[in-house]
Amino acid sequence: MTNFLKYKNWYRMEGVDDKDHFRDLELIRERFTMNRNRGKNGNSGDGDGAMKPSPVCTIKDHTNDVTSVDFAGRSLLATGSSDKSVRVYKWQVGDAFIEVSYSPLLGHTYGINCVCFSPFGTKLASASTDGSTILWDVKTGDQLCSLHPASDAAVRVCAFSPNSALLATGGDDDMAGIWDVSTLSLLRHKQSPDQCLLRRMCGDESTVTSVSFTPDSCYLATGSSGGEVRVWDARYGHSVPLAMKAEAHDLGVSSLHFSPAVGKEEGSGIGKQYLLASGGQDTELHLWVVEIGSQILGGDNSPTISLHHSLHGHSAPIMCVKFSSNGLILASASGDKTVRLWDPLKLTALGVLEGHKRYVTSCAFSDDGALVAAGSGDRVVHLWRVDGATSSVNPLPGNTSSTRKLLVKFPSQRFRENIKLIEWSCEDVCGWLVEQGLAEYSHNFRSHAIDGRELLTVTDEILEQKLGVDALGHRNKVLRLIRNSTQDSQAKKTAPDAPPTEYLCPITQELINDPVLCADGFTYERVAMEAWLASGKRTSPMDQ
């Protein structure tokens, strides 16, 4: 409140117009009310009636940080920890979880970074800093196989495709891999686990921190410590991204997750949209629309990643985001020691789950959406019953457990994130400043009539000398917004009839007419590949 009074007195000294004066005071009051609530109970604008249940079950078996949790249905819960162990628990009546007979699973030589069940609950994957991803038989606890990338670098994340046929991994070698794990017999009888590797995908020199498949298992999204989000074809084609969003998060992407049920399919069946959630080190929680579109040449159908909305509330880096199985609830775990629940359709906060004493590293929903589990640096796993939040959200028509279809259209409300920067009003600009903690500059921006079109012409010198933005970090925030908007505009100006790079032969760099898929995972022009082999070369053209 002291800061609020400081701004109030400053406005009086400036003698600004009363209308603008009270408008800015309301924006600042909203900002400081949000910060005050954060400091008291970790709640930001959730209201006094926000759901804040107490944990119904607490697990304290790990001896180091709990780094990952995951559910199989509702009956099984897996936890991974820096103590090198994976533990599996079975639900009992009364919301108790009892460790199964074969737990703990010991096979890694360094800490566990990620655990995930296959969608059918028959396999459990665990990724570790020791460079391996181990697949376990959930029924017996036996080790099925150990997958090792060629680099032996730490594996940070792993995720099964919804059809259980593929497993994606990513780690410190700056690459993501897709493995064929379709059947248990295939894993047991392959001469080398490396034969399960279908393809490797390289972005840039940054750790792959998150991977997530689309609900139809056709595409894979990866997030990196460099802040980029990329979308790849998970089935076939070149190992180049279909779409990329640079600087999706400042300081890096921590977690990604596709909504398993929310999206849109065009009537023709060849155009698709997906809803993707991402959390980052910048404390931001973003919702993205990933649009693949028609794959017909000659039109502007290139895949795109566009920001749909940003949800604000956390005061520390977001370390994990997860949708419920019906896609109606979104959970985010953060370094501020809380897990927050959101309605991704109404774009509102549902509640705050508290109880951890240190940063929360991971969270997961039970399949029925009734329970939320979270692991933390305090070596504890808490479980909450969140039936209240689940029942407060209307179910999707025709979206039962037996049939899930992407038939829900995205909300059409007017949000700044859905509008081009050049179309922002002066109030949009000032509102963005308040959200970014730059409310003290909103009066100067308004008095100079800085709307979106004028903002695009602002330079570092103008920010400092004309608009009074003295702090370098604050100026960088504004300039970054301008730079990202300019990059998006330039990307849209590319020739609409230019074919995507995945339709070009890597040898000839021309459009492929007679495609052939080779063992290296890339697709080539048949004549070009035959000429390549006839010349005596026996290595992949991509290795040259």
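My aim in this report is to walk through the structure given alongside it, one point at a time. Remember, it's a predicted structure, so these values are computed and weren't measured experimentally.

1. Quick notes on the overall build of the protein
Part 1: In terms of helices and strands, the protein carries ten helices and 31 strands.
Part 2: Counting across all 544 residues of the protein, residues that qualify as buried make up 53%.
Part 3: By element, 50% of the accessible surface of the protein is carried by carbon and sulfur atoms, the whole surface being about 24,200 Å².

2. Regarding the pairing of strand β20 (residues 272-280)
Part 1: The element β20 is extensively covered by neighbouring structure, given that nine of its nine residues are classed as buried.
Part 2: By the alternation rule, side chains of β20 split into Lys272, Tyr274, Leu276, Ser278 and Gly280 and Gln273, Leu275, Ala277 and Gly279, which are all buried.
Part 3: With seven bridges joining them, β20 and strand β21 (residues 285-291) adopt antiparallel strand pairing. Bridging from a neighbouring strand, glycine 279 pairs with leucine 285 of β21.
Part 4: If you look at the hairpin formed by β20 and β21, you'll find four residues sitting between the two strands, and threonine 283 has a positive phi there, around 70 degrees.

3. Looking at the nonpolar core
Part 1: Formed by 20 residues in total, the largest nonpolar core has its most connected members in Leu433, Phe445, Leu455, Leu463 and Val478.
Part 2: Among the elements of the structure, α5 (426-435) and α9 (472-492) are those that each provide at least two residues to this core.
Part 3: It is α5 that provides the largest number of residues to this core, a total of five residues.
Part 4: What leucine 463 contacts, discounting residues up to four positions off in sequence, is Phe445, Val458, Gly468, Val469, Arg475, Val478 and Leu479.
Part 5: By size, the runner-up hydrophobic cluster in this structure holds 17 residues, among which are Cys218, Val231, Leu242 and Val253.

4. A few points about the sheet that holds strand β17 (residues 229-233)
Picture the strands of a sheet paired through backbone hydrogen bonds; they go either parallel or antiparallel.
Part 1: One open sheet holds the four strands; their spatial order is β15-β16-β17-β18, and the pairing between them is antiparallel. The open sheet has two free edges, formed respectively by β15 (208-213) and β18 (243-245), since each of these has just one partner strand. Each adjacent strand pair in this sheet contributes to an overall mean axis angle of 20 degrees, direction not counted.
Part 2: Inspection of the sheet shows strand β16 (residues 219-224) paired to β17 by five bridges, in the antiparallel sense. By the bridge assignment for β17, leucine 220 is matched with tryptophan 232.

5. What to know about the sheet that holds strand β9 (residues 133-137)
Part 1: With antiparallel pairing, four strands are arranged side by side in an open sheet as β7-β8-β9-β10. Strand pairing shows two members of the sheet lacking a second neighbour, β7 (112-117) and β10 (143-147), which therefore form its edges. Strand-to-strand twist in this sheet, taken as the mean axis angle between neighbours without regard to direction, amounts to 15 degrees.
Part 2: Of the pairings in the sheet, the one linking strand β8 (residues 123-128) to β9 comprises five bridges and is antiparallel in character. Across the sheet, residue lysine 123 finds its bridge partner in β9, namely aspartate 137.

6. Examining the pattern of salt bridges
Part 1: Evaluated as defined, the whole model comprises eight salt bridges.
Part 2: Among the ionic pairs, aspartate 172 bridges to arginine 156, the shortest N-O distance being 2.8 Å. Of this pair, aspartate 172 sits in the loop between β12 (166-171) and β13 (175-180) while arginine 156 sits in strand β11 (residues 155-160); the two residues are 16 residues apart in sequence, bridging distant segments of the chain.
Part 3: The partly exposed category is assigned to arginine 156, whose relative accessible area is 29%.
Part 4: Here arginine 483 ties to glutamate 247 by a salt bridge, and the two come within 3.7 Å at their closest N and O atoms. You can see arginine 483 sitting in helix α9 and its partner glutamate 247 sitting in the loop between β18 and β19 (253-265), a full 236 residues away along the chain.
Part 5: With relative accessibility at 31%, the residue glutamate 247 sits in the partly exposed group.

7. Digging into the state of the cysteines
Here a disulfide denotes a covalent bond joining the sulfur atom of one cysteine to the sulfur atom of another.
Part 1: Tallied over the full model, the rule gives zero disulfides.
Part 2: For cysteine 116, which is in no disulfide, the shortest distance to another cysteine sulfur is to cysteine 158 and amounts to 3.6 Å.
Part 3: Judged by its relative accessible area of 8%, cysteine 116 is buried.

8. Some points on α5
Part 1: α5 sits mainly inside the fold: eight of its ten residues count as buried.
Part 2: Here α5 has its buried residues at Cys426, Asp428, Val429, Cys430, Gly431, Trp432, Leu433 and Val434.
Part 3: Glycine 437, located one to two residues past α5, shows a positive phi value of around 80 degrees.

9. A short note on the environment of arginine 235
Part 1: Within the secondary structure, arginine 235 sits in the loop between β17 and β18.
Part 2: Expressed as a C-alpha distance, the spacing of arginine 235 and cysteine 218, which sit 17 residues apart in the sequence, is 6.0 Å.
Part 3: Setting aside residues no more than four positions away along its own chain, arginine 235 makes contact with Arg199, Ser217, Cys218 and Tyr219.
Part 4: A polar side-chain atom of arginine 235 sits 3.5 Å from a polar atom in the side chain of tyrosine 219.

10. Considerations on the environment of phenylalanine 365
Part 1: Mapped onto the secondary structure, phenylalanine 365 falls in strand β27 (residues 360-365).
Part 2: Judged by relative accessible area, which is 10%, phenylalanine 365 ranks as buried.
Part 3: Separated by 35 residues in sequence, phenylalanine 365 and leucine 330 have C-alpha atoms that sit 9.3 Å apart.
Part 4: Among residues more than four places away in sequence, those in contact with phenylalanine 365 are Phe71, Lys322, Phe323, Ser324, Ile329, Leu330, Ala331, Leu341, Leu371 and Val372.

About the thresholds
- Residues numbered from 1 in each chain as written.
- Predicted model: local features only at pLDDT ≥ 70, side-chain atom pairs only at ≥ 80, totals over all residues.
- Heavy atoms only, no water.
- Helix = DSSP H or I, 4+ residues; strand = E, 2+ residues; numbered from the N terminus.
- Buried < 20%, exposed > 50% of the residue type's maximum accessible area, 1.4 Å probe, protein only.
- Areas by Shrake-Rupley, 256 points an atom, 1.4 Å probe, with all protein chains shown as cover.
- Pairing = 2+ DSSP bridges.
- Core = buried A, V, L, I, M, F, W, Y, C linked by side-chain atoms within 4.5 Å.
- Contact = heavy atoms within 4.5 Å.
- Axes fitted to C-alpha atoms, helices over the stretch in contact; angles between N-to-C directions.
- Salt bridge = Lys/Arg side-chain N within 4 Å of Asp/Glu carboxyl O.
- Disulfide = S-S within 2.5 Å.
- Polar contact = N/O pair within 3.5 Å; in protein donor to acceptor, adjacent residues only side chain to side chain.

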